[in-house]
Structure formats: C-alpha cells, structure tokens
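Architecture at a glance
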Amino acid sequence: MSRPPTPVLLDCDPGIDDALAIAYLVAEHLAGRIELVGVVCTAGNVGLDDTVANALAWLDLAGAPPLPVCAGAAGAIAVPHVFTPETHGPRGAGHAVLEVGTGAETATTRRADPRDGADLWLDAARAHSGELVAIVTGPSSTLAGALAAEPALPGLVGDLVVMGGTFRGHPGNTTPVSEWNVDVDPEAADAVCRAWEDANNADAYVSGPLWCGLNLTERAVWTPERSARLVAASDTSLTRALAEALRFYFEFHESVGEGYLAQVHDPFVAWLALHPDAVESVPASVRVECRGEHTRGMTVEDRRGHRGRAPNARIATDVRTPGGPDAVLDDICAAIASLAGSGSPGGPG
C-alpha cells in the first residue's frame with residue numbers, strides 16, 4: 001500500500017521568495033506527494049493585509065484546491081514591526097500586480113478563513129498529530145502565539161522547519177549577526193527555542209526544529225536565466241507573474257552589492273522540509289539574543305554543551321544532493337512548470 005501524502009502547513013509572509021515556495025508546495029500537493037492543509041499569513045516585509053492578499057492570489061495562480069488561508073500576527077511581539085518595501089516591493093510582490101477581485105489576469109476571488117492563524121496552527125497540529133510538517137518562511141510571530149496558547153504544541157508537530165537565523169559564524173543580512181526573519185521579532189523566535197527546550201525538559205525527547213539559516217540558504221541563487229527557462233517551459237499567468245516579481249528581487253540584490261540575482265531562501269527551505277534525508281544538520285541548543293545592544297536578533301548556538309542544555313534544534317549545514325542547491329532549484333523550477341494546463345487561473349493565460 002502506498003503511504004498517504006504528508007500533511008504540510010505553511011506559515012509565510014509573501015514576499016517574493018514565499019511566492020515560489022507557495023507555487024512549489026501546490027505542485028507537490030497536486031502531484032499527490034503532500035497534502036497542503038493550510039496557509040498561515042504573518043506580517044513580514046509588508047503588512048498583514050498584503051501578505052494575506054498575496055497568498056490568496058498566488059494560490060489561485062498556481063491552481064491550488066480550496067484550502068484554509070488564515071491571517072496571523074500583524075506584527076512583532078515586543079517592538080514596532082519594521083517593514084521593508086525596498087526588498088519585496090510596496091505590496092510584497094515586486095513588479096507583479098496581484099489583485100483581489102475579478103477581471104484581471106492575476107485576480108483571485110478566494111477569501112481568507114475567519115480563524116486566527118494561531119488557531120489554524122493548533123487545528124492542523126491536532127488533526128495530524130505527530131505527522132504534520134510545519135514550515136515557517138517568515139517571522140515566528142504567529143507560531144509564538146500558538147505556542148503561548150498550547151505549550152504542548154511541540155509534541156504534536158511531526159517536524160518543524162524554519163527559515164531563520166544564521167549560524168557557524170556566517171554574517172547576517174540585517175545586522176552583522178542577524179537574519180531578517182529573526183531580527184524583526186527575536187522574542188518570537190526565542191519563544192520557539194524555549195518551547196522545544198521546555199518540551200524536552202518536561203517529557204521524552206522531542207526532535208528540535210530544523211533551523212535553515214543564511215549559512216545555507218544564501219547558496220540558493222535564482223538568476224534571470226532560470227526565470228527565462230521557467231517561462232519558456234510553462235508560459236502561464238503564474239510563471240509570468242513570478243518572473244515579474246523576481247525581477248524586482250534581482251534589482252534589490254543588485255542594489256545591495258550581491259549582483260543581478262536573487263537568494264531565494266523560502267522555496268529552498270520548503271524543498272528541504274519535504275526531503276529530510278537530503279539535509280545535513282547538527283544538533284545544538286539554540287537561543288535568540290533579545291537584549292544585546294549590538295547582538296539583538298543573533299541566533300546563539302551551543303554545540304558543545306557549555307550551558308548543560310539538551311539540544312532543542314537542528315542546524316542545517318548542507319544538502320546531500322548531486323549538484324547542491326542549484327540542483328534543488330532545478331527541481332523546484334520543474335515542479336512549478338508542471339502546474340501548466342491546470343485549467344485554473346494558473347493555466348495558460
């Protein structure tokens with residue numbers, strides 16, 4: 001007998017690279033390899049209204065079946081939320097125009113589920129206890145709210161994969177030591193660390209989240225040539241919108257000295273979550289610095305047991321795939337191209 005598809009929950013803040021992650025996960029869902037049980041939207045580079053609208057539109061363009069999309073946290077726990085429209089565009093979709101309504105090529109008539117995003121976290125974890133693969137590609141603000149409501153959540157989630165932090169001395173992309181998803185809400189990221197640490201102290205060992213930091217994800221580089229190959233393989237409303245979104249992302253990376261390319265952290269992490277055997281990782285005790293004048297937002301890893309704490313995390317260090325991250329992006333690109341001809345707004349347009 002074939003195994004049932006893996007239930008997957010995505011907590012995202014679309015966001016350009018989140019859009020690629022959404023399209024990739026929809027492709028895996030339609031291929032029967034996963035069951036995308038819901039999407040939680042958290043305020044990130046743009047505000048909550050835009051992250052929800054963008055998620056709805058990208059799901060429609062990808063031809064996703066009906067599934068719950070819930071608005072989560074509208075900002076950081078302890079400090080004013082910092083938005084960065086220069087990174088993903090003023091509405092979070094770069095040069096793509098995503099509209100909620102009718103009459104536009106990229107319009108969607110989907111509506112958000114009325115539940116709070118933290119409630120969707122809990123409902124999905126309880127419905128798929130011990131099996132759910134949860135992926136966080138934005139700030140951990142909504143997840144922190146779910147953990148506050150249900151401290152037993154770590155024992156309900158089969159695996160948690162987080163795009164966040166930077167490890168092994170790799171520099172940050174927001175401060176010298178911090179990655180943006182963690183830096184914008186370090187209290188939330190630290191709440192995730194503490195929740196898994198508490199679960200291990202109170203019960204049998206619960207495998208810590210897989211933290212995928214800049215030390216690995218900055219190797220996932222999307223180029224204009226890859227966008228051109230995607231559109232050539234599948235010229236649809238979805239791929240054209242993704243190409244326009246990515247064009248803004250190329251311009252941003254060029255403006256900060258990285259070159260005319262894009263580090264696409266989120267789809268890479270989504271792929272890692274679905275291919276756990278391909279991930280090299282090391283166990284560690286991880287906490288997030290929330291007070292340091294120069295180190296706020298730093299992910300502090302203890303791999304040698306200096307503090308006498310059991311590991312509460314796994315730090316992703318490499319990918320065991322011939323061709324490395326570039327081959328992973330080829331796989332993601334092929335999966336998104338397979339969405340052509342679905343008969344949905346993501347079909348030929």
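Here the structure is a predicted model, which means the values were calculated and not measured.

**A short note on the packing of aromatic side chains**
Using the criterion set out here, one finds one aromatic pair in the structure. With centroids separated by 5.3 Å and ring planes inclined at 50 degrees, the aromatic side chains of Phe-250 and Tyr-260 adopt a geometry described as tilted. Of this pair, Phe-250 sits in helix α11 (residues 237-255) while Tyr-260 sits in the loop between α11 and β10 (262-263), placing them 10 residues apart in sequence. Overall, Tyr-260 belongs to the partly exposed group, its relative accessible area being 36%. The lysine or arginine in question, Arg-226, covers the ring of Trp-222, its NZ or CZ lying 5.6 Å from the ring centre.

**Focus: unusual backbone geometry**
Along the chain, Pro-14 connects to Gly-15 via a cis peptide bond; the corresponding omega equals -5 degrees. The backbone of Arg-168 sits at a positive phi, close to 60 degrees, despite the residue not being glycine. On the basis of relative accessibility, which here comes to 43%, the residue Arg-168 falls in the partly exposed class.

**Some points on the pattern of salt bridges**
All chains considered together, the criterion is met by 20 salt bridges. For Asp-123, the salt bridge is made with Arg-115, and the minimal N-O distance between the two is 2.9 Å. One salt-bridge network, held together by shared partners, links Arg-226, Arg-229, Asp-326 and Asp-330.

**Regarding α11**
Between its terminal C-alpha atoms α11 stretches 28 Å, which fits the 27 Å expected from 19 residues at 1.5 Å a residue. Restricting attention to buried positions, one finds in α11 the residues Ser-237, Leu-238, Thr-239, Ala-241, Leu-242, Ala-245, Leu-246, Phe-248, Tyr-249, Phe-250, Phe-252 and His-253. Positive phi shows up at Gly-257, right after α11, with a value of about 85 degrees.

**Focus on the side chain of Asp-60**
Here Asp-60 lies in helix α2 (residues 48-62). In this structure Asp-60 comes out as buried when scored by relative accessible area, which is 12%.

Procedures and definitions
- Residues numbered from 1 in each chain as written.
- Predicted model: local features only at pLDDT ≥ 70, side-chain atom pairs only at ≥ 80, totals over all residues.
- Heavy atoms only, no water.
- Phe/Tyr/Trp six-rings, centres within 6.5 Å; stacked < 30°, edge-to-face > 60°.
- Helix = DSSP H or I, 4+ residues; strand = E, 2+ residues; numbered from the N terminus.
- Buried < 20%, exposed > 50% of the residue type's maximum accessible area, 1.4 Å probe, protein only.
- Lys NZ or Arg CZ within 6 Å of the ring centre and 35° of its normal.
- Salt bridge = Lys/Arg side-chain N within 4 Å of Asp/Glu carboxyl O.
- Expected span 1.5 Å × (residues − 1).

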